[in-house]
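Descriptive analysis of the structure
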Amino acid sequence: MEPRNEGPQRSDAQRNRERILEVALAELSRAVDVPLSLIAKKAGVGQGTFYRNFPNREALVLEVYRHEAQQLADAATELLESRAPDQALRAWMDQLARFAVAKVGLSDAMRQIVGTTDGPAQPGYALVVKAIETLLAANHEVGALRPGLTSGDFILAVAGIWQIDARGDWQTQSARLLDIVMDGLCTGAPARG
């Protein structure tokens with residue numbers, strides 16, 4: 001069931017929705033079976049407000065995931081507006097790592113809803129692929145990446161971030177891994193030759 005979206009929301013309604021999503025991400029990352037009433041309470045909204053936005057657990061989990069994917073996708077464009085393409089790509093990769101850590105927490109909830117953890121079946125996957133394609137195109141245009149690199153290649157190259165233990169020092173480990181990946185993406189780039 002889709003969350004209600006009957007056009008533009010008032011600013012206070014939008015803030016409530018954003019708070020619910022923020023709390024839900026944190027709580028669902030800790031425990032897939034967290035009571036929805038606890039999420040509403042921690043978000044500072046009443047049960048009516050909560051269920052008006054998210055009529056059931058499935059709607060909430062799908063929207064949390066989609067919301068996170070949308071923020072990640074939007075970041076690609078924002079970074080390209082303020083940085084050189086290679087710097088934008090590397091900064092975006094750090095955001096992708098944060099997304100991966102959050103996604104690990106949502107994996108059980110997503111598996112229950114979509115029945116798989118395969119990328120294409122998950123809501124928001126197309127948004128993330130589009131962001132990757134935008135970043136790669138900008139980098140190819142300036143010759144910052146090896147020729148012929150595709151979004152599929154990129155996804156396979158960074159897949160290791162999904163194996164990082166989110167309970168440990170994941171920031172240091174993901175930064176090291178993504179630096180190695182970035183070096184590989186740039187090896188043989190026309191601008192470096």
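Remember, it's a predicted structure, so these values are computed and weren't measured experimentally. (Residues numbered from 1 in each chain as written. Predicted model: local features only at pLDDT ≥ 70, side-chain atom pairs only at ≥ 80, totals over all residues. Heavy atoms only, no water.)

Things to note about the packing of helix α6 (residues 125-141) against helix α7 (residues 151-158)
The geometry of α6 relative to α7 is characterised by a closest axis approach of 9 Å and an angle of 105 degrees between their N-to-C directions. Here α6 lies roughly perpendicular to α7, going by the angle between them. On α7, the residues that touch Y125, V129, I132, E133 and L136 of α6 are S151, F154 and I155. Of the residues belonging to the contact of α6 with α7, the class tally is six nonpolar, one polar and one charged. (Axes fitted to C-alpha atoms, helices over the stretch in contact; angles between N-to-C directions. Helix = DSSP H or I, 4+ residues; strand = E, 2+ residues; numbered from the N terminus. Parallel < 35°, antiparallel > 145°, perpendicular 65-115°, else oblique. Contact = heavy atoms within 4.5 Å. Nonpolar A, V, L, I, M, F, W, Y, C, P; charged D, E, K, R; others polar.)

Details of the packing of helix α4 (residues 57-82) against α6
At a minimum axis separation of 8 Å, α4 and α6 run at an interaxial angle of 15 degrees. Relative to α6, the element α4 is oriented roughly parallel. Considering how the two elements wind past one another, α4 and α6 form a crossing that is left-handed. On α6, the residues touching R66, A69, Q70, L72, A73, A76 and L80 of α4 are L127, V128, A131, T134, L135 and A138. Of the residues in the contact of α4 with α6, the class split is 10 nonpolar, two polar and one charged. (Left-handed = near helix turned anticlockwise from the far one by under 90°.)

Regarding the packing of aromatic side chains
What the rule picks out here adds up to four aromatic pairs. Geometrically, the ring pair formed by F50 and F54 is tilted, given 6.1 Å between the ring centres and 55 degrees between the ring planes. Each member of the pair F50 and F54 is classed as buried. Of the aromatic side chains, those joined through ring pairs into one cluster are F50, Y51 and F54. (Phe/Tyr/Trp six-rings, centres within 6.5 Å; stacked < 30°, edge-to-face > 60°. Buried < 20%, exposed > 50% of the residue type's maximum accessible area, 1.4 Å probe, protein only.)

Remarks on the nonpolar core
Counting residues in each nonpolar core, the largest one holds 34 residues, and the members touching the most others are L89, W92, M93, L96, F154 and L185. At the level of elements, α4, α5 (85-114), α6, α7 and α8 (170-186) are the ones that each hand at least two residues to this core. In terms of residues, this core owes the most to one element, α5, which gives 10 residues. Excluding its chain neighbours within four sequence positions, the residues that come into contact with L185 are L89, L145, R146, L149 and F154. Judged by nonpolar contacts, the second largest core, of 18 residues, contains L28, L36, F50 and A102. (Core = buried A, V, L, I, M, F, W, Y, C linked by side-chain atoms within 4.5 Å.)

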